[in-house]
Amino acid sequence: MTFLAAPDPSWPMQAKSEIERWQDVLGPKLIAAFHIGSTAVPGLVAKPIIDLLPVVESLEKLDALNPAITALGYEAMGTYGISGRRYFRKSAANGRRLIHAHAFAIGDPAIRRHVAFRDLLRSDPDISAAYQTVKIAADIAADGDMDLYINLKDGFIQMHEALALQTLP
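Remember, it's a predicted structure, so these values are computed and weren't measured experimentally.

Here is what the cut-offs are and how they apply
- Residues numbered from 1 in each chain as written.
- Predicted model: local features only at pLDDT ≥ 70, side-chain atom pairs only at ≥ 80, totals over all residues.
- Heavy atoms only, no water.
- Salt bridge = Lys/Arg side-chain N within 4 Å of Asp/Glu carboxyl O.
- Helix = DSSP H or I, 4+ residues; strand = E, 2+ residues; numbered from the N terminus.
- Buried < 20%, exposed > 50% of the residue type's maximum accessible area, 1.4 Å probe, protein only.
- Pairing = 2+ DSSP bridges.
- Axes fitted to C-alpha atoms, helices over the stretch in contact; angles between N-to-C directions.
- Contact = heavy atoms within 4.5 Å.
- Expected span 1.5 Å × (residues − 1).
- Bend = angle between axes of the 7 residues up to and from the residue.
- Polar contact = N/O pair within 3.5 Å; in protein donor to acceptor, adjacent residues only side chain to side chain.

(A) Examining the pattern of salt bridges more closely. Counted by the stated rule, this structure contains eight salt bridges. Of the charged contacts in the structure, one is a salt bridge between Glu18 and Arg21, with a shortest N-O distance of 3.0 Å. Taken together, the residues Glu18 and Arg21, both in helix α1 (residues 11–26) and three residues apart, mark about one turn of the helix. On the basis of relative accessible area, Glu18 is assigned to the buried category, the value being 7%. On the basis of relative accessibility, which here comes to 27%, the residue Arg21 falls in the partly exposed class. Of the charged contacts, one joins Glu161 and Arg113 as a salt bridge, the two residues approaching to 3.0 Å between their closest N and O atoms.

Okay, here's the thing in structure tokens:
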């Protein structure tokens, strides 16, 4: 079983459309929203799941809007193991995962880390190609085990997130 799909040029438009839906629901409580993850990097193989990073005024205000977000088709998962985050996931009727939204309050360091890594992959074709090699090898080695797949990529991600953060002003 493979997790990865060939790059899809529609991923950025899918993300943009979904971000607009979040803007409609959250209004001014949504400070910014980013398309992150591998689907945000042109030409990179990825799990065909759009990752969004909504940045909100506060998690408490976001929590109050959970009914409106679930009306968009999302499942509200709380922190889902990461303190300071609110995690939402959206699936198709057949159960296939479509979107992960990792919401953070403005100022959370996770925002900068995720965006910096995405921008590094977008701007450096050598690092992006190396990451693709790691992803494909992890996908093959994991043989359908998502936790193993994530763990096998972790060292590369940690090292390059640190590099990306060092290059920021």
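(B) Main features of the sheet that holds strand β2 (residues 50–56). Ordered by their spatial adjacency, five strands build an open sheet running β1-β2-β5-β4-β3, and the pairing between neighbours is mixed. The open sheet is flanked by β1 (30–36) and β3 (74–76), the only strands paired with a single partner. The average undirected angle you get between the axes of adjacent strands in this sheet is 25°. Where β2 lies against strand β5 (residues 97–105), five bridges are found, and the strand directions are parallel. Residue Ile50 lies in a different strand from β5, and its bridge partner there is Ile99. Sheet strands touched by helix α4 (residues 109–123): β1, β2 and β5. Its angle to β1, the strand with the most contacts, is close to 40°.

(C) Region of interest: helix α6 (residues 146–166). The terminal C-alpha atoms of α6, which comprises 21 residues, lie 30 Å apart, in line with the 30 Å expected from a rise of 1.5 Å per residue. Considering bend angle alone, the principal kink of α6 is centred on Asp154 and spans about 40°. Inspection of α6 places Tyr149, Lys153, Phe156, Ile157, His160, Glu161 and Ala164 among the buried residues, and these make up the whole buried set. Those residues of α6 that are buried are in contact with α4 and α5 (125–142). For α6, the side-chain oxygen to backbone nitrogen distance between the N-cap and Asp147 is 3.1 Å, and the N-cap itself is Asp145.

Keep in mind that these numbers describe shape and distance, not what the molecule does.
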